[in-house]
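Summary of the model geometry
The chain contents come next:
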2 protein chains.
Amino acid sequence: MMPDLDDIDRRLIAILQQDGRRSFKDISEETGVPASSVRYRVQRLEETGTLQIVGVADPLRIGFDRLALIGLKCEIGKARQVCEELSKRAETSYVVLTTGPFDVMVEVVCRDVAHYTEFLHEVLPTVDGIVHTETFFVLEAYKLAYGWGVGDSGTPTPPAEA
Amino acid sequence: MMPDLDDIDRRLIAILQQDGRRSFKDISEETGVPASSVRYRVQRLEETGTLQIVGVADPLRIGFDRLALIGLKCEIGKARQVCEELSKRAETSYVVLTTGPFDVMVEVVCRDVAHYTEFLHEVLPTVDGIVHTETFFVLEAYKLAYGWGVGDSGTPTPPAEA
DNA sequence: AATGAAATTTAAACCAT
DNA sequence: ATGGTTTAAATTTCATT
């Protein structure tokens, strides 16, 4: 994997977080690190999975009008397998195991209410171990720091600031 | 703003979601759209806020071990300004206005529990309009937005420990 | 708005340290 | 792992439709 990051790595990440297409030469000039080293390091960061440079689309602007967070309560001992199952679904963009009143929190990205309804009433019931759900519809997204996976070709996708 | 996206826009987005540094010439060859048009469109998508090309670092690999979701209840009419304020903070990676028991849901990325504690007890109280908070610590992240291993229907993301 | 072709800049490959 | 050099490739600008 990746040992630890040094200061240069952190600066490179910080710069690319703001603009993923900044040229290596630009970055070189800003940091004083030779362009070839910038290139070498960024490549390594990508190879180790530490950094990914991706296009992040705002779902609300590309036809996915219904974002929702769903809190799940699960049967004892089944939360992890629920996470595994839900992670496989294209509709989910975020699946985490949590402490607190909910065992699992999921974000789903749907085209419309009908799509969401189908997910809630047709898909979720097929997942073993879920005992209760509570939905928080997203009315406005102020800060979305991640992207959603690409759907099949031609299907719109992901998120940014809204 | 942006009118609606056509099929070409969607293809460009889908390609850049997988690799934000794909050259416009490459994309041109894959899609049959002239390189200058690819550039023209991508620029428009960025200018309108539909697409952002950014470096996304895995928080768990760069020293941010504590992810948490926080549900907020706000004073009537103040939820939006709470969102605005929280979006400005570096600790937040996700800020949305929601329906349901919480008015706002926030994700924070912290270095450790002390960092989280400071956010909860020092930062949040300075934001006007918040009346109640409820924290869900993320124990394990199964699928984080930008999905490592983006693909069509959800390549299961390696459960990242939180 | 969208394209094509030019000049300019950048990235990739290579090699040495 | 870094830094320099060269060659091939991509980006940008600008003119055209």
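Bear in mind that the values here come from a model prediction, so they are computed numbers and not experimental data.

**Concerning the pattern of salt bridges**
Note that side chains of opposite charge can pair when their charged atoms are close. Taken as a whole and assessed by the stated rule, the structure comprises 23 salt bridges over all chains. Close ionic contact of D26 of chain A with R22 of chain A constitutes a salt bridge, the shortest N to O distance being 3.2 Å. Note on D26 of chain A: relative accessible area 35%, which makes it partly exposed. One salt bridge connects K78 of chain B with D128 of chain B, and the closest N-O pair in it is separated by 2.9 Å. Of this pair, K78 of chain B sits in the loop between β2 (66–74) and α4 (79–88) while D128 of chain B is found in the loop between α5 (113–123) and β5 (130–143), placing the two residues 50 residues apart along the sequence. Through salt bridges that share partners, D6, D9, R41 and R44 of chain A make up one connected network.

**Regarding the packing of helix α1 (residues 7–18) of chain A against helix α3 (residues 35–47) of chain A**
Residue and element names in this part refer to chain A. Look at α1 against α3: their axes get within 10 Å of each other, and the N-to-C directions meet at 80 degrees. With respect to α3, the element α1 is oriented roughly perpendicular. Of the residues in α3, those in contact with I8, D9, L12, I13 and L16 of α1 are V38, R41, V42, R44 and L45.

**Thoughts on the pairing of strand β3 (residues 92–98) of chain A**
Taken across its seven residues, β3 of chain A has seven buried, putting it largely inside the fold. Bridge count between β3 of chain A and strand β4 (residues 104–110) of chain A: five bridges; the pairing is antiparallel. Bridged to Y94 of chain A within β4 of chain A is E107 of chain A. Taking the residues between adjacent antiparallel strands as the criterion, β3 of chain A and β4 of chain A are bridged by five residues, where G100 of chain A takes a positive phi near 100 degrees. When β3 of chain A meets β5 of chain B, the two strands line up antiparallel, connected through four bridges. Counterpart to L97 of chain A in the pairing with β5 of chain B is E140 of chain B.

Parameters and conventions
- Residues numbered from 1 in each chain as written.
- Chains lettered and ligands numbered in written order.
- Predicted model: local features only at pLDDT ≥ 70, side-chain atom pairs only at ≥ 80, totals over all residues.
- Heavy atoms only, no water.
- Salt bridge = Lys/Arg side-chain N within 4 Å of Asp/Glu carboxyl O.
- Buried < 20%, exposed > 50% of the residue type's maximum accessible area, 1.4 Å probe, protein only.
- Helix = DSSP H or I, 4+ residues; strand = E, 2+ residues; numbered from the N terminus.
- Axes fitted to C-alpha atoms, helices over the stretch in contact; angles between N-to-C directions.
- Parallel < 35°, antiparallel > 145°, perpendicular 65-115°, else oblique.
- Contact = heavy atoms within 4.5 Å.
- Pairing = 2+ DSSP bridges.

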